[in-house]
Amino acid sequence: GAGVSQSPSNKVTEKGKDVELRCDPISGHTALYWYRQSLGQGLEFLIYFQGNSAPDKSGLPSDRFSAERTGGSVSTLTIQRTQQEDSAVYLCASSLDSSGRDEQFFGPGTRLTVL
Amino acid sequence: DAKTTQPTSMDCAEGRAANLPCNHSTISGNEYVYWYRQIHSQGPQYIIHGLKNNETNEMASLIITEDRKSSTLILPHATLRDTAVYYCIVRSKAAGNKLTFGGGTRVLVKP
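All of these numbers come straight from a predicted model, not from anything done at the bench.

Analysis parameters
- Numbering of residues begins from 1 in every chain and follows the order in which that chain's sequence is written.
- Each chain is given a letter, starting from A, and each ligand a number, starting from 1, according to the order in which they appear as written.
- Per-residue local features of the predicted model are confined to residues with pLDDT of at least 70, and side-chain atom pairs are confined, for both listing and counting, to 80 or more; whole-chain, interface and lining totals are unaffected and use all residues.
- Hydrogens and waters are ignored; side-chain quantities use all the structure's heavy atoms.
- Definition used for salt bridges: Asp or Glu carboxyl oxygen within 4 Å of a side-chain nitrogen of Lys or Arg.
- Type-normalised accessible area, obtained with a 1.4 Å probe on protein chains alone, sets the label of each residue: buried when under 20%, exposed when over 50%, and partly exposed for intermediate values.
- For this text, the term disulfide refers to a pair of cysteine sulfurs within 2.5 Å.
- Strands here mean DSSP runs of E at least two residues long; helices mean DSSP runs of H or I at least four residues long; both are numbered from the N terminus.
- A 1.4 Å probe that fits into a set of points on a 1 Å grid over the protein atoms alone but cannot get out defines a cavity; an open set with protein on both sides within 12 Å along at least five of seven lines defines a pocket, and lining residues are those with an atom within 4 Å of a point.
- Grid points are joined across faces, edges and corners, and a volume is the space filled by probe spheres set on the points.
- In this classification, the charged set is Asp, Glu, Lys and Arg, the nonpolar set is Ala, Val, Leu, Ile, Met, Phe, Trp, Tyr, Cys and Pro, and all remaining amino acids, among them Gly, are polar.
- Any two strands with at least two DSSP-identified bridges between them are counted as paired.
- Note on contacts: a residue pair qualifies if any of its non-hydrogen atoms lie within 4.5 Å across the two residues.
- What counts as buried area is the accessible surface, traced by a 1.4 Å probe, that two parts surrender upon association, with contributions from both included.
- N or O atoms closer than or at 3.5 Å make up a polar contact, with two conditions inside protein: a donor-capable atom paired with an acceptor-capable one, and, for residues adjacent in sequence, both atoms drawn from side chains.

*Asks:* Give me the pattern of salt bridges: which residues, what numbers.
*Replies:* Residue and element names in this part refer to chain A. Here the structure, examined in full by the defined rule, presents 5 salt bridges over all chains. Residues Arg22 and Asp24 are paired through a salt bridge, measuring 2.8 Å at the closest nitrogen-oxygen approach. With a relative accessible area of 37%, Arg22 lands in the partly exposed category. A salt bridge links Glu44 to Arg36; its shortest N-O distance comes to 2.9 Å.

Here it is, written out as structure tokens:
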């Protein structure tokens, strides 16, 4: 595809429900990242996948958050028992490799609203 | 990653050069300086990065001081579509490749 895609673009859910957010990275990119951006705030790193290595989960805010990446491509971020403070834009990014110098390409984000 | 300091906001006249400063006085030798921008309601967009030498691409130029403690992003001919939040990020492999975003500079390009 031309760029990173994310779905849904908007998600409204009730407190306590589980949600799944999807990210399709750029084809051939081996590294995939999840960030979130709360209203009026900067971006906060959540989790990073690189190839078959164990993911870097150091940014996940609680054990209600989890993510997986199947087949080294599509990734799903799952939030269980959502809380109002989970409301944010969730951004996915991918990069060609993990050299630390390749730029990250961001998707348009999923705006999550927890009522 | 080394901490960066940027002005909170700045205005720029359309058609003029926009010079965005960034201080990173604690940068270490293997850390790169990256610039991203985020236009309202969009995901961040990569602009440019550098280590020691000045860099130029189709979007901007990056000027890094000799001691590497500060840098300036230059948008040579600002347009209204350059209105965005600009983030200066210092990044190393040791940080695990994640980007650590600060507050950035909110740039408003005025006609």
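From this point on, the discussion continues.
*Asks:* Lay out the state of the cysteines in plain terms, naming residues and giving numbers.
*Replies:* Disulfide: a covalent bond formed between the sulfur atoms of two cysteine residues. Throughout the structure, instances matching the rule amount to 2 disulfides over all chains. The disulfide bridge from Cys23 of chain A ends at Cys92 of chain A, spanning 1.8 Å between sulfur atoms. The S-S bond linking Cys23 of chain A to Cys92 of chain A shows a torsion near -65°; that makes this disulfide left-handed. Of this pair, Cys23 of chain A sits in strand 3 (residues 19-24) while Cys92 of chain A sits in strand 8 (residues 88-95), and the two are 69 residues apart along the sequence. Each disulfide pairs two cysteine sulfurs, and for Cys22 of chain B the partner residue is Cys88 of chain B, the sulfurs being separated by 2.1 Å. Taking the sign of the S-S torsion, about -80° here, the bridge from Cys22 of chain B to Cys88 of chain B comes out left-handed. In this pair, Cys22 of chain B sits in strand 2 (residues 18-23) while Cys88 of chain B sits in strand 8 (residues 84-91), placing the two residues 66 residues apart along the sequence.

*Asks:* Let's hear about the layout of surface pockets: which residues, and what values?
*Replies:* Estimated volume of the largest pocket: approximately 810 Å³. Taken together, 36 residues make up the lining of the largest pocket; nearest its centre are Gln37 and Arg111 of chain A together with Gln38, His40 and Ser41 of chain B. Ranked by residues supplied to the lining of the largest pocket, first place goes to strand 10 (residues 110-114) of chain A with 4 residues. Here the lining of the largest pocket is composed, by residue class, of 11 nonpolar, 23 polar and 2 charged.

*Asks:* With reference to specific residues and values, describe the sheet that holds strand 6 (residues 61-64) of chain B.
*Replies:* All names here are of chain B. Read from one edge to the other, the open sheet built from 4 strands follows the order 2-7-6-5, with strand pairing classed as antiparallel. The open sheet has two edge strands, strand 2 and strand 5 (55-56), and neither has a second partner. Here 2 bridges tie strand 5 to strand 6, and the two strands are oriented antiparallel to one another. When the bridges of strand 6 are listed, Glu55 appears paired with Leu62.

*Asks:* Break down the interface of chain A and chain B for me, citing the residues and quoting the values.
*Replies:* Often, the extent of an interface is quoted as the loss of accessible area upon association of its parts. Chain A puts 19 residues into the contact, and the matching count from chain B is 17 residues. For the pair chain A and chain B, the summed buried surface comes to about 1500 Å²; carbon and sulfur atoms form 51% of the total. Summed over the shared surface of chain A and chain B, the result is 0 salt bridges. At the boundary of chain A and chain B, one finds 3 residue pairs in polar contact (both at pLDDT 80 or more). For the side of chain A that touches chain B, the secondary-structure elements that each account for two or more residues are strand 4 (31-37) and strand 5 (43-50) of chain A. Of the residues belonging to the side of chain A that touches chain B, the class tally is 7 nonpolar, 8 polar and 4 charged.

*Asks:* Run through unusual backbone geometry, naming residues and quoting values.
*Replies:* Pro8 of chain A follows Ser7 of chain A through a cis peptide bond whose omega is -10°. By the secondary structure assignment, Pro8 of chain A is in the loop between strand 1 (5-7) and strand 2 (10-13). Backbone geometry at Arg81 of chain A places phi at a positive 45°, although glycine is not the residue there. Tracing the backbone through its elements, the reader meets Arg81 of chain A in the loop between strand 7 (75-79) and strand 8. Take Arg81 of chain A: its relative accessible area is 43%, and that puts it in the partly exposed class. Positioned with a positive phi, Arg68 of chain B is a non-glycine residue whose angle comes to about 65°.

*Asks:* Summarise the environment of Asp18 of chain A; cite the residues concerned and give the values.
*Replies:* Residue and element names in this part refer to chain A. Mapping Asp18 onto the fold places it in the loop between strand 2 and strand 3. Look past the residues within four positions of Asp18 in its chain and what remains in contact with it is Ile79, Gln80 and Arg81. Within the structure, Asp18 has its side chain in polar contact with the backbone nitrogen of Arg81 (distance 2.8 Å).

*Asks:* Now, about the pairing of strand 8 of chain A: what can you tell me, with residues and values included?
*Replies:* Residues and elements named next belong to chain A. Across the 8 residues that make up strand 8, a large majority, 8, are buried. The two faces of strand 8 match: Ala88, Tyr90, Cys92 and Ser94 on one face and Val89, Leu91, Ala93 and Ser95 on the other face are all buried. The pairing of strand 4 with strand 8 spans 7 bridges and is classified as antiparallel. Pairing of Arg36 across the sheet is with Tyr90, part of strand 8. Examined bridge by bridge, strand 8 and strand 10 share 3 bridges and lie antiparallel to one another. Considered in strand 10, the bridge of Val89 is made with Arg111. Summarising the sheet, strand 8 and strand 9 (residues 105-106) pair through 2 bridges and their orientation is antiparallel. Counted as the bridge partner of Ala93 is Phe106 from strand 9.

Function cannot be inferred from these measures alone, as they are strictly geometric.
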